[in-house]
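Listed below, chain by chain, are the residues.
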Amino acid sequence: MAAVPGAGPAAADPRVLALAAQVTEGREQDTPLLLLKLKGILNSASLGGEESKKIKQDIYNYDLAQYCMLVLRQDHSQLRGGWATAAQLAEILSHCCVGLEVKEDPEEFYKKFLPSAIDNMLFLGRRLQARFIRAIKDEEKQDFLHWFQTVTDAICWLFGGHIQLAACVLQNDHFLQLLITDDVETASIMMSVLHNILRVNSSVLLHVDDKTLHSVLDELVYKLSSTTNPVIGNAATKLLLLVAKFCRQLVKILTARYKGLKGLLSKQWTGKGFDRDLSQLLDLLYLEQSNGKGEIERQHQAACTIQAMWRGFQTRKRLKKLPQAVTTLQRSFRAKREQELQHLKKQKEDEALQLQMQLQRQRAMRLFHERQLALLEIIHASQVNKYLEEMEGKSALTIQRFWRGYRARRYFHQQRQSLKEYKAAVVIQRAACKFLEKRRRRRLLSPWKDPKGLTDEQRLALQQKVDDYIRLHPAPQMSEEMSKELHLQAQEKLAQFLLRSRLDQRAAQRRETLLAQVNTDVELLMNAPGLAETTEKDLDVFMSRSIPIATKARQSHNTMLKHARWPWWKKLGDEFGEDYVIPDDALNAELGTLFIGGRKSF
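Fair warning: this is a prediction, and the values are worked out from it, not measured in the lab. (Residues numbered from 1 in each chain as written. Predicted model: local features only at pLDDT ≥ 70, side-chain atom pairs only at ≥ 80, totals over all residues. Heavy atoms only, no water.)

Novice: Whenever I open this one, the overall build of the chain confuses me. Can you help?
Specialist: Looking only at helices and strands, the chain features 25 helices and zero strands. Out of the 602 residues in the chain, the part that is buried amounts to 30%. Long-range contacts, defined here as pairs at least 24 residues apart, represent 76% of the contacts in the chain between residues at least 6 apart. Total accessible area on the chain stands at roughly 40,900 Å², and carbon and sulfur atoms take up 57% of it. (Helix = DSSP H or I, 4+ residues; strand = E, 2+ residues; numbered from the N terminus. Buried < 20%, exposed > 50% of the residue type's maximum accessible area, 1.4 Å probe, protein only. Contact = heavy atoms within 4.5 Å. Areas by Shrake-Rupley, 256 points an atom, 1.4 Å probe, with all protein chains shown as cover.)

Novice: Please clarify how a nonpolar patch on the surface should be interpreted in this entry.
Specialist: A cluster of nonpolar side chains, namely Leu 454, Leu 462, Val 466, Tyr 469 and Ile 470, defines an oily patch on the protein surface of about 500 Å² accessible area. As for its position among the elements, Val 466 is in helix 21 (residues 456-472). A residue is classified by how much of its surface remains accessible, and Val 466, at 38% relative accessible area, is partly exposed. (Patch = residues over 30% accessible without salt bridge, like charges linked within 9 Å, V, L, I, M, F, W, Y side chains within 5 Å. Salt bridge = Lys/Arg side-chain N within 4 Å of Asp/Glu carboxyl O.)

Novice: Explanation requested: the packing of aromatic side chains in the structure shown.
Specialist: When we look at a pair of aromatic rings, we describe it by the centre distance and by the angle of the planes. The tally for this structure, following the rule as stated, stands at five aromatic pairs. Considering the side-chain rings of Phe 109 and Tyr 110, the 5.0 Å spacing of their centres and the 80° angle between planes classify their relative orientation as edge-to-face. Ring centres of Phe 109 and Phe 113 lie 5.7 Å apart, and the angle between their planes is 20°; this geometry places the pair in the stacked category. With Phe 109 and Phe 113 both in helix 7 (residues 106-134) and four residues apart, this pair spans about one turn of that helix. The same class applies to Phe 109 as to Phe 113, namely buried. Joined through ring pairs, the aromatic side chains of Phe 109, Tyr 110 and Phe 113 make up one cluster. Positioned over the ring face of Phe 132 is Lys 141, at 4.2 Å from the centre of the ring. Just above the ring of Tyr 222 sits the side chain of Arg 316; from NZ or CZ to the centre is 2.9 Å. (Phe/Tyr/Trp six-rings, centres within 6.5 Å; stacked < 30°, edge-to-face > 60°. Lys NZ or Arg CZ within 6 Å of the ring centre and 35° of its normal.)

Novice: When you look at the environment of Arg 80 in this model, what are you seeing that I'm missing?
Specialist: Inspection of the secondary structure assignment puts Arg 80 in the loop between helix 5 (64-71) and helix 6 (82-97). Arg 80 sits 48 residues away from Pro 32 along the chain, and the two C-alpha atoms are 7.8 Å apart. With sequence-adjacent residues up to four places away left out, Arg 80 is seen in contact with Arg 27, Asp 30, Leu 33 and Thr 85.

Novice: Help me understand helix 1 (residues 14-25) in this model?
Specialist: Because each turn of an α-helix spans 3.6 residues, side chains separated by three or four positions end up pointing in the same direction. Over its 12 residues, helix 1 runs 16 Å from end to end, which matches the ideal 16 Å to within 8%, given 1.5 Å per residue. By the burial criterion, the buried members of helix 1 are Val 16, Leu 19, Ala 20 and Val 23. The arc that holds every buried residue of helix 1, seen down its axis, measures 100°, which confines them to one face. In helix 1, the exposed positions angled more than 90 degrees off the buried face are occupied by Pro 14 and Glu 25. (Expected span 1.5 Å × (residues − 1). Arc of directions from axis to C-beta.)

Shown next, in the form of structure tokens:
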């Protein structure tokens, strides 16, 4: 990459040649530390002398300055030397560029290289500012602040040697983002950089675009209105005074764009230690206000001030968003900690419950043994064996009864789940059948096509076939007696059919009654409490015939109300119906059991 335009290798400084060879042949991660040797090479020559200019020319010709500029863009947190090396390289780059006279292709140096160097330095300053704000330890914050100061000094030194770079610094996006900060230390340093820009090139504000000018002025006014720190207030006041002294046009912009600036300065910053500069600024503003425009323009400017404040607030809000990774980490940590606390709490509750159940079992066993001992004392000695045999029999029956009850309940719960799945399948199938039937009804019939016309020959042949068929199959003729006999036979068969249908109807009613009775008993058993919780009131439900009927009527009414409040996916079977009605099967399943309640015989 190194090149020596217009000079032989012997004319160049040997130290620069050796360093260029090391940078070219060495590893990329060692490049920042190798470039630090440029500081000793530059300090070896007197500042402003011919030797210093020759060394800077050799550094530029052998692309070492370009290496320094490109290294500033890297993330130095993972490189050797860290951010201190980056700050020193920025200082070396600025010293190399100041006093350098490029004779061959100067346009590339002044219009491409120098603006790129300014942009990379400002980008490095943004990284150092962000890490300074996020730093927690005081020692670490002091290091980042020192490196940030070194980079800003390098920037000031660079545009001090090349005045045309002042406008480039102001129009750079990184400079405005560095200026928009609520941190006192870095904000004061950036305002000192702005002060040096105005001191070096006082006419720079007139050569930048309106957007950049308004952004800088908006931020200065915002700092005066949003903070009470005297350091920030003093720096912002001095900058506004310097702007107002330079050009009257800028004073007009201040008075027209920021209507409440004079009241803010006089009320909030009087007596803060910089009253002299504050008084001069207020005098300039009041003098311009006396030559101001009418009330309409002042209202317009007030609206512009509000809009500027709002835009500044929105811009700072966007730039100050916290990293989403920190928020996600905190949320996951709190969720995990809450889950662990819930697990520990549940574990303690389970242990307490087990301990309580164990104590209850021990207490029950103790009471049982005490009761047995008391009974043994009362019973005669000859009846003890008989009593023990009876107790063993009762205990065995009790154990068997509980086991059969548990097994029956488990089987019943399994069947209930199967019944629910069956009903769900029936609902889905019914909805699908209704949908398919409705689609078949809506299917359009194929358009009617008129038959082709018959010729005379075809018509005669067809008529001949009809006559032949009638002649071969004559219509039967029936006498009046045969008609009456056939009528009597039809009457007898109709009477037999009606009698048989009446018997079938009674049998169907009988089956529906028995089915309703079975459904009632099943639902009473499903809703019945456990044996340990049974009361006399629950027994009346199975003993009385009126109570099951009333209970079933109440359940049917609740079912109809529940069906009216069902969501759409439970009414899937009625989606393709013409009107909104309760399904007949569900209504019959609920209301059909109202014909009889309880058992028919006990």
